[in-house]
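Descriptive analysis of the structure
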Amino acid sequence: MSHFETRAVRTQAQPSDFREHSVPLYLTSSFTFEDAEQARALFADELPGNIYTRYSNPNTSELIEKLCQMEGTEDGIATASGMAAMFTSMAALLRSGDHVLACRSVFGSTHQIFTQIFPRWGIGHTYVDIHAPETWEAAIQPNTRMIFVETPSNPALDLIDLTWLGQLAARHGLILNVDNCFATPYLQNPARYGAHLITHSATKFIDGQGRAIGGAILGSRELIKDIRYFARHTGPAMSPFNAWLLSKSLETLAVRMERHCSNALQLAQFIEASPESFWVKYPFLPSHPQHALAKQQMRLGGGLVSFELQGGLARASRFLNAIKLLSLTPNLGDSRSIVIHPATTTHSKLKEEERAAVGITPGLVRISVGLEHPDDIVADVAQAIEASR
Ligand SMILES: *Cc1c(COP(=O)(O)O)cnc(C)c1O
């Protein structure tokens, strides 16, 4: 099973005695023991097997095996949400006095963990600028344990060179943790560049239809062992139903991403060609400042397009209010195209200068390009640009 698509479709648990073709849903909180000795051995980790769904379940195990096949990692755990994955991947390995180096443009709730929650427990962080990689090495402290990044960034779609970053982490013996939610395992595999942990919000492109919240942490057997211990006793487990749904979704990830990306490229090209010459950001547009890097580390440009309407907040509001087809909702990675105004919604908790530092201007609009016909997506955006003028 050397090809991504085949692994995505064919990695699955052994059928039960019913010889089912599609993986069944195991809605059970616990699993029975054959006898007292097996119970003892399972609890002592002397035997592999399921005990209780907070620890493991056939559906979550199947989802993780598939994700490992797709990311090129040894092991992982499924979590109730992407944030549970981000938090657990750090809280399980860090202790009071440790320090994390993070790119400034992290997801909003990840920013809250760094700035509001971890300081309560004596875990520090330093934000480094995605545009100034030459400053990162000097920001590493003697107590730095982990580097946490997102690439492409949200919503500015800036990239971090993973080859360079993997070498930096290796040189300093740091755990490199990459939130790979925007790229998905189909477009980018951080483990190839030396990332030790890959975290996902499965809520986005992995689900792909806006139905379920979920997350995953993937990495080496050794790191996941410690993370699994932490998760087993703190309880961020994914429900079997969501695992079952998300595992099915992975079977179509490759074909969906191909279309998300071709639709996004078409939309980005249209916006760029507009006579108003808006500033548009899409990794596979030749005008993207890191286009060559995008081509090197990403299979395609991704499903998100960000652009700046000249006319600031007022114009952006008129644009959103004129949209007819696209949905106004904070999610992304859905089969339905979604438009959002980051400055007043997802990133409204940041201070003005914090937003400016990560490229979020008052006129910036982010579109998660869905699976409608690209001509219809472009037509809706075109009429809303016109109407907002
Ligand atoms: C949505 C998102 C998260 C959080 O995931 P949830 O499933 O909503 O908890 C983390 N990182 C990125 C980049 C995201 O887009």
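Heads up: these notes are all about the structure in this document. (Residues numbered from 1 in each chain as written. Predicted model: local features only at pLDDT ≥ 70, side-chain atom pairs only at ≥ 80, totals over all residues. Heavy atoms only, no water.)

1. Re the site of the ligand
Let me state the cut-off plainly: Definition of nearness: a residue and a molecule or strand are near each other if at least one heavy atom of the residue lies within 4 Å of the molecule or strand. Polar contact is defined as a pair of N or O atoms within 3.5 Å, subject to the rule that within protein one atom must be able to donate a hydrogen and the other to accept it, and that residues adjacent in sequence are counted only when both atoms are side-chain atoms. Under the convention used here, a 1.4 Å probe and the Shrake-Rupley method define accessible areas, while residue burial counts only the protein chains that appear. For the purposes of this entry, the term helix denotes a DSSP run of H or I that reaches at least four residues, the term strand denotes a run of E that reaches at least two, and both are numbered from the N terminus. Any residue outside Ala, Val, Leu, Ile, Met, Phe, Trp, Tyr, Cys, Pro, Asp, Glu, Lys and Arg is labelled polar, Gly included; the first ten of those are nonpolar and the last four are charged.
In the region of the ligand, 13 residues are neighbours, and Met 83, Asp 179, Ser 201, Thr 203 and Lys 204 sit closest. Here an oxygen atom of the ligand sits 2.8 Å away from a polar atom, N or O, in the main chain of Met 83. In this structure, Thr 203 approaches the ligand through a side-chain N or O atom, which is 2.6 Å from an oxygen atom. For the ligand, whose accessible area on its own is 380 Å², the fraction buried by protein is 92%. The dominant element in the shell around the ligand, judged by the number of residues it contributes, is helix α4 (residues 82-91), at three residues. Classifying every residue of the shell around the ligand by side-chain character gives five nonpolar, five polar and three charged.

2. Here we look at the environment of Trp 121
Quick note on the threshold: For this analysis, residues touch if any pair of their heavy atoms sits within 4.5 Å.
Locating Trp 121 in the fold gives a position in the loop between α5 (108-117) and β3 (124-128). Considering only alpha carbons, one finds Trp 121 and Ala 91, 30 residues apart in sequence, at a separation of 9.9 Å. Dropping the residues within four chain positions of it, Trp 121 is found in contact with Phe 87 and Ser 96.

3. Some points on the packing of helix α3 (residues 58-71) against helix α9 (residues 240-250)
Applicable threshold: Between the N-to-C directions of two axes lies an angle of 0 to 180 degrees, each axis being a line fitted to C-alpha atoms and, for a helix, fitted only over the stretch in contact. By definition in this entry, angles of less than 35 degrees are roughly parallel, angles greater than 145 are roughly antiparallel, angles of 65 to 115 are roughly perpendicular, and the rest are oblique. By convention, the crossing between two helices is left-handed when the near helix turns anticlockwise from the far helix through less than a right angle, and right-handed when the turn is clockwise.
In the contact formed by α3 and α9, the axes pass within 8 Å of each other and the chain directions differ by 30°. Of the possible angle classes, the one that applies to α3 and α9 is roughly parallel. For the pair α3 and α9, the sense of crossing is left-handed. Residue-level contacts link Asn 59, Thr 60, Glu 62, Leu 63, Lys 66, Leu 67 and Met 70 of α3 to Pro 240, Ala 243, Trp 244, Leu 246, Ser 247 and Leu 250 of α9. Tallied by class, the residues present in the contact of α3 with α9 amount to eight nonpolar, three polar and two charged.

4. What to know about the nonpolar core
Selection rule: Residue types Ala, Val, Leu, Ile, Met, Phe, Trp, Tyr and Cys, when buried and joined through side-chain atoms within 4.5 Å, form a set referred to as a nonpolar core. Burial classes follow relative accessibility: with a 1.4 Å probe on protein chains only, a residue under 20% of its type's maximum area counts as buried, one over 50% as exposed, and anything between as partly exposed. In this entry, domain limits derive from an automatic or database-based domain assignment.
In this structure, Phe 307, Phe 319, Val 365 and Ile 367 are the most contacted members of the largest nonpolar core, which totals 61 residues. By residue number, the principal contributor to this core is helix α10 (residues 253-272), which donates eight residues. Each of two domains, domain 1 (4-250) and domain 2 (253-387), supplies a minimum of three residues to this core. Setting aside its immediate chain neighbours within four residues, Phe 307 contacts Ile 271, Phe 278, Trp 279, Val 280, Phe 319, Gly 363, Leu 364, Val 365, Ile 367 and Ile 385.

In short, shape yes, function no, at least from these values alone.
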